[in-house]
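Spelled out from the first residue to the last, the chains are:
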Amino acid sequence: GAVVSQHPSRVICKSGTSVKIECRSLDFQATTMFWYRQFPKKSLMLMATSNEGSKATYEQGVEKDKFLINHASLTLSTLTVTSAHPEDSSFYICSASPHRGPPSGANVLTFGAGSRLTVL
Amino acid sequence: LAKTTQPISMDSYEGQEVNITCSHNNIATNDYITWYQQFPSQGPRFIIQGYKTKVTNEVASLFIPADRKSSTLSLPRVSLSDTAVYYCLVGDRGGGFKTIFGAGTRLFVKA
């Protein structure tokens, strides 16, 4: 089945540094990937849609200069949290769909295992 | 994207059947209903998807009435390992692949 790998699974950094999280589709090509963040005991919040070869589309309220997204290839999207602060500490999850063109069903996403960011 | 409403939490005992109902009154003609499961500190995992009537796989069943304004995820004979958050999502590809999560239902299975 479709597999999405996310790395690192955990990262601790000092305030003011930047952290990069990678999301890879291992056995399929993903034109579009999605980035979510999740606070404890809360639901996933969509941050942005990552489009291969073009700029990401950010959800309202998400700072694009703070959360840099690059989707340089059909199998890799990266999220860089720039100048991280303690309030950026969260669980970040990426997802992708292997489907292209008219589906037999709706879009079914495969999610990465998530990356827990702790900013000291 | 159609909004969904689910119970915030549910408790059950091992071996029981659990039914989680999701309301989606504004579901559109092209919308499918998809359920995901999420364990703590993990990404969500696809459980089942349906459009109408009943769908069954090795993990669960999904019951969808004729008006499609609600759906029920049925987990047969739950075990402790089924303790997780279950999300009901409604949508199609027309929304640009966006998948917006509601609050989900936190299922706690007790011994």
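Remember, it's a predicted structure, so these values are computed and weren't measured experimentally. (Residues numbered from 1 in each chain as written. Chains lettered and ligands numbered in written order. Predicted model: local features only at pLDDT ≥ 70, side-chain atom pairs only at ≥ 80, totals over all residues. Heavy atoms only, no water.)

With that settled, consider the overall build of chain A. Within chain A, the secondary structure is distributed over zero helices and eleven strands. Ordered by position from N to C terminus, the α and β elements of chain A give β-β-β-β-β-β-β-β-β-β-β. For 120 residues, the compact-globule estimate of 2.2 N^0.38 gives 14 Å, and chain A sits close to it at 14 Å. Dimensions of chain A, computed from C-alpha atoms along their principal axes, come out at roughly 45 × 30 × 25 Å. The proportion of buried residues among the 120 residues of chain A is 51%. A separation of at least 24 residues holds for 56% of the contacts in chain A among residues at least 6 apart in sequence. (Helix = DSSP H or I, 4+ residues; strand = E, 2+ residues; numbered from the N terminus. Rg over C-alpha atoms; globule rule 2.2 N^0.38 Å. Buried < 20%, exposed > 50% of the residue type's maximum accessible area, 1.4 Å probe, protein only. Contact = heavy atoms within 4.5 Å.)

Here we come to the pairing of strand S4 (residues 45–50) of chain B. Where strand S3 (residues 32–38) of chain B lies against S4(B), five bridges are found, and the strand directions are antiparallel. The residue bridging B:Thr34 from the neighbouring strand is B:Gln49, located in S4(B). (Pairing = 2+ DSSP bridges.)

This part is about the pattern of salt bridges. Taken as a whole, this structure holds three salt bridges over all chains when the rule is applied. For A:Glu22, the salt bridge identified is with A:Arg24, shortest N-O distance 3.4 Å. Of the charged contacts, one joins B:Asp11 and B:Lys110 as a salt bridge, the two residues approaching to 3.7 Å between their closest N and O atoms. One end of the pair, B:Asp11, is in strand S1 (residues 9–13); the other, B:Lys110, is in strand S9 (residues 105–110), and 99 residues separate them in sequence. Given the relative accessible area of 53%, B:Asp11 is considered exposed. (Salt bridge = Lys/Arg side-chain N within 4 Å of Asp/Glu carboxyl O.)

Here chain B averages 91 in pLDDT, and 92% of its residues register 70 or above. Within chain B, strand S8 (residues 84–91) of chain B has the poorest average pLDDT of any element, 92, and S9(B) the best, 98. (pLDDT = per-residue confidence, 0-100.)

This part takes up the nonpolar core. By size, the foremost hydrophobic cluster in this structure holds 24 residues, and its most contacted members are A:Trp35, A:Phe67, A:Leu79, A:Tyr92 and A:Leu117. At the level of elements, strand S2 (10–13), strand S3 (19–25), strand S4 (32–38), strand S5 (44–51), strand S7 (67–73), strand S8 (76–81), strand S9 (90–96) and strand S11 (115–119) of chain A are the ones that each hand at least two residues to this core. For A:Phe67, the contacting residues outside a window of four places in its chain are A:Arg37, A:Met47, A:Tyr58, A:Val62, A:Leu79, A:Thr80, A:Val81, A:Asp88 and A:Tyr92. With 20 residues, the next largest nonpolar core counts B:Val18, B:Ile64, B:Leu73 and B:Val90 among its residues. (Core = buried A, V, L, I, M, F, W, Y, C linked by side-chain atoms within 4.5 Å.)

Let us now look at the sheet that holds strand S2 (residues 18–23) of chain B. Residue and element names in this part refer to chain B. Read across the open sheet, the four strands follow the order S2-S7-S6-S5; overall the sheet is antiparallel. At either end of the open sheet lies a strand with only one pairing partner, and these are S2 and strand S5 (53–56). Each adjacent strand pair in this sheet contributes to an overall mean axis angle of 15°, direction not counted. Relative to strand S6 (residues 61–64), S5 runs antiparallel, the two being bridged by four bridges. (Axes fitted to C-alpha atoms, helices over the stretch in contact; angles between N-to-C directions.)

In total, this model carries two disulfides over all chains according to the counting rule given. The partner cysteine of A:Cys23 in its disulfide is A:Cys94, sulfur to sulfur 2.0 Å. Given an S-S torsion of about 85°, the disulfide between A:Cys23 and A:Cys94 has right-handed geometry. In this pair, A:Cys23 sits in strand S3 while A:Cys94 sits in strand S9, placing the two residues 71 residues apart along the sequence. For the pair formed by A:Cys23 and A:Cys94, the shared burial category is buried. Disulfide partner of B:Cys22: B:Cys88, at an S-S distance of 2.2 Å. For the disulfide bridge between B:Cys22 and B:Cys88, the dihedral angle about the S-S bond is near -80°, and by the sign convention the bridge is left-handed. Residue B:Cys22 is located in strand S2, and its partner B:Cys88 is located in strand S8; the two are separated by 66 residues in the primary sequence. Classification of B:Cys22 as buried rests on a relative accessible area of 0%. For B:Cys88, a relative accessible area of 1% puts it in the buried group. (Disulfide = S-S within 2.5 Å.)

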